[in-house]
Amino acid sequence: MDILDVISKGEAYSTEFKARLSEKREILETICAFSNSNGGTILIGVSDNGEILGVDIGRSTIEELINDIKFSIEPTIIPHVELVEIEGKKIIVIRVAEGLNKPYFFKGVAFR
């Protein structure tokens, strides 16, 4: 599905917008919750109302994010993470599949 279509539909049961990468705890909780349910998509660099804000990306930003996910959630999950440019702004798209080894825990809590 086209990312602009996802944004135009707004947040939903399986779609979450995060304005900044600094919302790392909330991002990891959402990844854990999506793994414990039917999966979902997180767009980082998009405000709650669907405004495309973009994110500043360093050379190792995506790698650090993937490592945070890998080492913070148990059992380990590795979602699909990609960088997409929309309207000249970069957003991070995290696609989380429904987990096969439920329940998944972030800091000892199984989010849903």
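Above this text is the structure in question.
Residues numbered from 1 in each chain as written. Predicted model: local features only at pLDDT ≥ 70, side-chain atom pairs only at ≥ 80, totals over all residues. Heavy atoms only, no water.

Peer 1: I'd like to hear about helix H3 (residues 61-72), residue by residue, with values.
Peer 2: Taking 1.5 Å as the rise per residue, H3 with 12 residues should run 16 Å; its terminal C-alpha atoms sit 16 Å apart, in good agreement. By the burial criterion, the buried members of H3 are Thr-61, Leu-65 and Ile-69. The buried residues of H3 all sit within an arc of 75° when viewed along its axis, so they share a single face. Opposite the packed face of H3, turned more than 90 degrees from it, sit the exposed residues Glu-63 and Phe-71. (Helix = DSSP H or I, 4+ residues; strand = E, 2+ residues; numbered from the N terminus. Expected span 1.5 Å × (residues − 1). Buried < 20%, exposed > 50% of the residue type's maximum accessible area, 1.4 Å probe, protein only. Arc of directions from axis to C-beta.)

Peer 1: Can you lay out the sheet that holds strand S1 (residues 15-18) for me, pointing to particular residues and giving the numbers?
Peer 2: Read across the open sheet, the 4 strands follow the order S1-S2-S5-S4; overall the sheet is mixed. A strand with exactly one partner marks an edge of an open sheet, and here the two such strands are S1 and strand S4 (80-86). Taken over all neighbouring pairs, the strand axes of this sheet differ in orientation by 20° on average, direction set aside. Of the pairings in the sheet, the one linking S4 to strand S5 (residues 89-96) comprises 7 bridges and is antiparallel in character. Counted as the bridge partner of His-80 is Arg-95 from S5. The sheet contacts of helix H2 (residues 24-36) involve S1, strand S2 (40-44) and S5, and relative to S2 the element is tilted by about 165°. (Pairing = 2+ DSSP bridges. Axes fitted to C-alpha atoms, helices over the stretch in contact; angles between N-to-C directions. Contact = heavy atoms within 4.5 Å.)

Peer 1: Kindly report on the packing of H2 against H3, identifying the contributing residues and their values.
Peer 2: In contact at an axis separation of 11 Å, H2 and H3 are set at 55° when each is read in the N-to-C sense. Considering the angle they form, H2 stands oblique to H3. Two packed elements cross with a definite hand, and for H2 against H3 that hand is right-handed. On H3, the residues that touch Lys-24, Leu-28 and Ile-31 of H2 are Asp-68, Ile-69 and Ser-72. Within the contact of H2 with H3, the residues separate by chemical class into 3 nonpolar, 1 polar and 2 charged. (Parallel < 35°, antiparallel > 145°, perpendicular 65-115°, else oblique. Left-handed = near helix turned anticlockwise from the far one by under 90°. Nonpolar A, V, L, I, M, F, W, Y, C, P; charged D, E, K, R; others polar.)

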